[in-house]
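Here is how the chains run, residue by residue.
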Amino acid sequence: MKSAQGRSRVGQFAVAGFLLVYAALAGAQSMFATGFELAEAPPFNPPPPVLCTAADPRCGAAYDPAHPMSAGELAQAIQAGMAAWRFHGTRGACSGCHLPDALDLAMGGFSDDSIRRRSSTHIDPQRAEAVVNLVRAIRQKFELTTVFHPAALRPLQPGFEPFHETTPGLPVWDSAGQRERDQAFTDHLVNGQRLLWATGRVDSLPKARQAYDELRAINLRRLKLGIPFDLFSEDGFYGETHKSVFEWFPDIASTPNSGMDSGFYALVDAYIANPTDANLWAYYDAVSTHTACDPDLGGADIGDYARACNWMRLKYRSLQFFGHLLRRRDLKYPDFLADLRSTQPQAHYRNHLDTVIARNPVWEAGDLLRIAPLQRPAATACNQTNHPCTLLPPIVDVTVHNIPTPRGARIKQSEVFQQSWFVMSWLADPALLYEGDSFATFIGDYLESVLLPYYDVHHAFVVAKMAVEKSAASEWMNAPGFRQGTGKIASVRTFSFKQLRDNFSPPPQNDPRYPVHARMFANFARMWIYLVEEDVRVSGSIYHRTEVMRAVRFMRTWIVQLEGQEDAQINALVGALETSAAAATELRTQQNISENPGTGLQPNGRWAEFDTPYVP
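Keep in mind that what you see is a predicted model, and the values were worked out from it rather than measured.

Chemist: Outline the overall build of the protein chain, supporting the account with residue identities and numerical values.
Modeler: Helix and strand counts for the protein chain stand at 22 helices and four strands. Whereas a compact globule of 616 residues would reach a radius of gyration of roughly 25 Å, the protein chain reaches 25 Å, a difference of no more than 12%. Summarising its shape, the C-alpha atoms of the protein chain cover approximately 80 × 55 × 50 Å along the three principal directions. The burial tally for the protein chain puts 61% of its 616 residues in the buried class. Restricting to contacts in the protein chain with at least 6 residues of sequence separation, those with at least 24 account for 78%. Carbon and sulfur atoms provide 53% of the accessible area of the protein chain, an area that totals close to 22,300 Å².

Below, the structure written as structure tokens:
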């Protein structure tokens, strides 16, 4: 069952529990970088539009403590409801697209009528009514006296809401709306955050340190963005624009393999009874080993839709990951290595990257559509070789709108999905240390490219914040492979220049964002030239001398390009750095270079013009 899109009320759990989870997310600087403990953060309340009201017909009834079910009624509703929830009906079981016990429908505010309507294509009316009663019972079990509005809940969105476009009625994929939200974010960085990097001129080492420290201190979980994250669920019943795959619920169920259902559900039941991080990973890992895409696709052959199957399973695992936050109502984010802590209490993510990446599905869900979008422009039409696409089975494809055309809609939805899920994942790992095992992912190539050309200032911010976070992640300095060298300012790992090498992608010159955008990149260059010079001079070391100096010489040219004239002070600083860098101890070994060819400054082979030392 692809969840109903009605509404209800996220309860005292929402205010006294789930909101604390969001507060925890808001309080973490980089929650996975050094381990698994989260710093505490004060609770904060979502804005009223995110919550249901009793007068809203799309919202289901929240738990009313004055009229509870009896203990017997509650137990019976859960028992019968869980049987219906796991019943293998048309196109699989409800649990194959949702959380194990319908907590997503309960907290997501889905109405009884919506649940009945959406269930009708999967199970019979009697079982549908059992699911309705299950949702009511779960609201009581978790004391959900308020619930989220399912048309407003955007999981992991800082502050619960993005900045809104100024032109009414623009859909999320409209480029004009994207530019307007980028403008709102610009105003926030300048007038709200008042960052030196965005407002002033970095013309001294103390100011470079100040700009760096201000960027480092930004809590991404609290920073309001102009990029709307996916809604929890969409529902085409409420209009053509709500026909979307831009949501969390998959539309291809994951079904236990033959003979594995009892083993799988035993792990799920253990988690429901005791929702620890370790129990989460036990059943989460079992999704891969014990289940597969349900073959019932309304007559289509599942073998013809392998990519769609993989994508939907990534969304399903992402939902389980987020559902853990809904359920726990505490200040801890899941520890990717919780099940190892009993024998390896000091286990670090850098030493278990395969496990961490496998349990970090949000980025991978976005990345699948980067590699194989739902559709491509005619000039690079889908094929089976260099331009793959993710083709949806007809019964799923009809749930996607056709505005302005079927091709255009699928292209835009693919772009918007990547923007949402890449940025969503980046907020938790701003140095991109464990989003995947691709060097291009690690340097931010894919994240930056999906922001251009629509979110130019968001892109400039990502470049600056990511460089700061990479240089600050000192515990990753000796990480294996291409991640080695992270955690040092004078390191090639700090500079992710692939998207900047030929074009800063500025807004139009008559756009109010244009001067701010130029200032951001000019100050980025200034800040890093000052800081690299200090790092080399003080530490006497450098990580990949050739590449760092190429980056420094490149950044020196930004000053003229962005400010219109040379800066004698910056030029003198670069000249001094040429001398100190030449004498510095080289930290990158030839072995690392040989084992990781091509993982220097990007793009490879495009830096010859910056090989000559600069002489003021």
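On we go.
Chemist: If you had to explain the pattern of salt bridges to someone new, which residues and values would you point to?
Modeler: Counting across every chain of the model gives 39 salt bridges. Each of the salt bridges in this network shares a partner with another, and the network as a whole consists of D182, D456, D511 and R513.

Chemist: Lay out unusual backbone geometry with the relevant residues and their values.
Modeler: The linkage connecting I403 with the following residue, P404, adopts the cis geometry, with an omega of -5°. Following the sequence through the fold, P404 ends up in the loop between α14 (394–397) and α15 (406–428). Looking along the chain, the bond that leaves Q602 and enters P603 is cis, with omega of -5°. Within the fold, P603 resides in the segment after α22 (590–595). A positive phi is found at L432, a non-glycine position, where the angle reads about 55°. Here L432 is to be found in the loop between α15 and α16 (439–442).

Chemist: Quick rundown of the packing of aromatic side chains? Include the residues and the values.
Modeler: The tally for this structure, following the rule as stated, stands at 41 aromatic pairs. Judged by centre distance (5.1 Å) and plane angle (90°), the rings of W281 and Y284 are edge-to-face. Of the two residues, W281 and Y284 are both situated in helix α10 (residues 277–290); the distance of three residues between them amounts to about one turn of the helix. Among the aromatic residues, ring-to-ring pairing joins Y212, F495, F497, F504, F521, F524, W528, F554, W558, W607 and F610 into one connected group. The ring of F554 carries the charged tip of R501 above its face, separated from the ring centre by 5.3 Å.

Chemist: So what about helix α4 (residues 112–119)? Which residues, and what values?
Modeler: By the burial criterion, the buried members of α4 are D112, S114, I115, R118 and S119. For α4, the angular spread of buried residues about the axis comes to 165°, placing them on one side. Looking at the buried side of α4, the elements it contacts are α3 (103–107) and α5 (125–141).

Chemist: Run through the state of the cysteines, naming residues and quoting values.
Modeler: Inspection of the entire model under this criterion finds three disulfides. Each disulfide pairs two cysteine sulfurs, and for C52 the partner residue is C59, the sulfurs being separated by 2.1 Å. One quick way to see it: the torsion about the S-S bond of C52 and C59 is about -85°, and its sign makes the bridge left-handed. For C52, a relative accessible area of 9% puts it in the buried group.

Chemist: Got a sec to walk through the packing of helix α19 (residues 513–539) against helix α20 (residues 545–563)? Specific residues and values, please.
Modeler: In the contact formed by α19 and α20, the axes pass within 9 Å of each other and the chain directions differ by 140°. The crossing of α19 and α20 is left-handed. Here α19 contributes A518, F521, A522, F524, A525, R526, W528, I529 and V532 to the contact with α20, which in turn contributes V548, V552, M555, R556, W558, I559, L562 and E563. Looking at side-chain class alone, the contact of α19 with α20 contains 14 nonpolar, no polar and three charged residues.

Chemist: How would you explain the packing of helix α18 (residues 456–472) against α19 if you had to name every residue and give the values?
Modeler: For the pair α18 and α19, interaxial distance at closest approach is 9 Å and the crossing angle is 15°. One way to sum up the angle between α18 and α19 is to call them roughly parallel. As α18 runs across α19, the sense of the crossing is left-handed. Where α18 approaches α19, its residues D456, V457, H459, A460, V463, A464, A467, V468 and S471 are matched on the opposing element by R513, H517, M520, F521, F524 and W528.

Chemist: Provide a residue-level description of the environment of A198, including the pertinent values.
Modeler: Assignment of secondary structure puts A198 in helix α7 (residues 196–199). As a C-alpha pair, A198 and F524 span 326 residues in sequence and 9.4 Å in three-dimensional space. Discounting residues that sit within four places of it in the chain, A198 has contacts with L189, V190, V516, R519 and M520.

Chemist: Residues and numbers for the nonpolar core, please.
Modeler: Among the nonpolar cores identified, the biggest contains 179 residues, and W197, F497 and F524 are the most heavily contacted of them. Examining the composition of this core, we find that 12 residues originate from one element, α19, more than from any other. Non-local contacts of F524, meaning those with residues more than four positions away in its chain, are made with W197, V463, A464, A467, F497, M555 and W558.

Analysis parameters
Residues numbered from 1 in each chain as written. Predicted model: local features only at pLDDT ≥ 70, side-chain atom pairs only at ≥ 80, totals over all residues. Heavy atoms only, no water. Helix = DSSP H or I, 4+ residues; strand = E, 2+ residues; numbered from the N terminus. Rg over C-alpha atoms; globule rule 2.2 N^0.38 Å. Buried < 20%, exposed > 50% of the residue type's maximum accessible area, 1.4 Å probe, protein only. Contact = heavy atoms within 4.5 Å. Areas by Shrake-Rupley, 256 points an atom, 1.4 Å probe, with all protein chains shown as cover. Salt bridge = Lys/Arg side-chain N within 4 Å of Asp/Glu carboxyl O. Phe/Tyr/Trp six-rings, centres within 6.5 Å; stacked < 30°, edge-to-face > 60°. Lys NZ or Arg CZ within 6 Å of the ring centre and 35° of its normal. Arc of directions from axis to C-beta. Disulfide = S-S within 2.5 Å. Axes fitted to C-alpha atoms, helices over the stretch in contact; angles between N-to-C directions. Left-handed = near helix turned anticlockwise from the far one by under 90°. Nonpolar A, V, L, I, M, F, W, Y, C, P; charged D, E, K, R; others polar. Parallel < 35°, antiparallel > 145°, perpendicular 65-115°, else oblique. Core = buried A, V, L, I, M, F, W, Y, C linked by side-chain atoms within 4.5 Å.

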